[in-house]
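# Per-entry structural report
Single-letter residue listing:
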Amino acid sequence: MSLPYIAFEGIEGAGKSTVAERVGERLEAEGRRVVRVREPGGTAVGERIRAILLGHDLLPDPWTEALLFAAARAQLAAEVVGPALASGAWVLSDRSVYSSLAYQGAGRGLGIDTVRGVNEPGLLGVWPSLVILLNVDPTEGLHRQDVGDRIGDEGADFQRSVADGFIATAASEPDRFVIIDAGDQLDSVVAAAYREIRSRW
Ligand code: T5A
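Residues numbered from 1 in each chain as written. Predicted model: local features only at pLDDT ≥ 70, side-chain atom pairs only at ≥ 80, totals over all residues. Heavy atoms only, no water.

## Looking at the overall build of the protein chain
What counts is decided by this rule: Numbering of helices and strands starts at the N terminus; helices are DSSP runs of H or I of at least 4 residues and strands are runs of E of at least 2. For the radius of gyration, the atom set is restricted to C-alpha positions; the globular benchmark scales as 2.2 Å times the number of residues to the power 0.38. To sort residues, take the accessible area from a 1.4 Å probe on protein chains only and compare it with the maximum for the residue type: under 20% means buried, over 50% means exposed, and anything in between is partly exposed. Pairs of residues are marked as contacts when any of their non-hydrogen atoms sit within 4.5 Å. Residue-level accessible areas treat just the shown protein chains as cover; the underlying method is Shrake-Rupley with a 1.4 Å probe. The convention is simple: Lys and Arg are positive, Asp and Glu are negative, and His and the chain ends are not counted. Charged groups are reduced to one reference atom each: NZ for lysine, CZ for arginine, CG for aspartic acid, CD for glutamic acid.
Broken down by element type, the protein chain carries eight helices and five strands. Walking the protein chain from its N terminus toward its C terminus, one meets helices and strands in the order β-α-β-α-α-β-α-α-β-α-α-β-α. The C-alpha radius of gyration computed for the protein chain amounts to 16 Å, which stays within 12% of the reference 17 Å derived for 201 residues, consistent with globular compactness. With respect to the principal axes defined by its C-alpha atoms, the protein chain has extents near 45 × 35 × 30 Å. Here the protein chain holds 201 residues, and 49% of them are scored as buried. Taking contacts inside the protein chain between residues at least 6 apart in sequence as the whole, the part at least 24 apart equals 78%. Accessible surface, the protein chain as shown: approximately 9000 Å² in total, 53% of it carbon and sulfur. For the protein chain, the distance from the average position of its 20 positive side-chain charges to the average position of its 29 negative side-chain charges is 5 Å.

## Re the pattern of salt bridges
Our working rule: The term salt bridge refers to a side-chain nitrogen of Lys or Arg lying within 4 Å of a carboxyl oxygen of Asp or Glu.
This structure, assessed with the given rule, holds 15 salt bridges. Of the charged contacts in the structure, one is a salt bridge between Glu30 and Arg32, with a shortest N-O distance of 2.9 Å. For Glu30, a relative accessible area of 34% puts it in the partly exposed group. Here Glu39 makes a salt bridge to Arg73, at a shortest N to O gap of 2.6 Å.

Dropping the structure here:
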């Protein structure tokens, strides 16, 4: 059976952080050991890269942006996710490599397969086995957001390209993805995500 490395994905305001946290609480209540991570970040190196990527004071070129996300992710895989999975923990990740495919691959137009190819070598097979894609209308997602960031502030048209990138990737990897309507009530979204996870493990 594949290891429980579960990524919560979607555009801004889809509910990734909230749903991941609530699903994690349910799993912990059942006695499972859960490690929570977020991308970009989750390590000292990754948090510094996060500040470069998401602050409004610097303007990385799209390729610099893609490579910095990949670098932060490689560190997270080596330092946290890989060891956690090896120790038998469940890993719940707020975003993952699939955000890079959607944001940098589709949103920035670098190409989904090209961005995948850049990320793969640094991850050494540490790759989400289940991606819960929270699907929300971009206008609704942006409306829900309280604090923006440099990439999140690109606006609704950019979010739409990103959302299309997520849907295209999900369609190409149907066994890895589940798509949940994140426009539903929060309790229903959490219940659906939990059900999908428990049906696999
Ligand atoms: N990025 C990231 C890339 O470009 N490439 C990459 O490879 C990676 C990893 C990261 C930024 O970096 C970009 C994408 C982003 O621009 P982030 O820290 O992940 O940013 O932040 P955001 O995605 O911008 O986080 P948000 O907080 O906006 O979105 P979430 O986590 O999806 O939403 P959440 O859970 O914080 O919820 C937002 C609000 O909506 C409510 C919540 O209570 C909260 O108030 N909510 C709902 N309300 C009603 N109904 C529901 N179903 C709701 N679900 C949540």
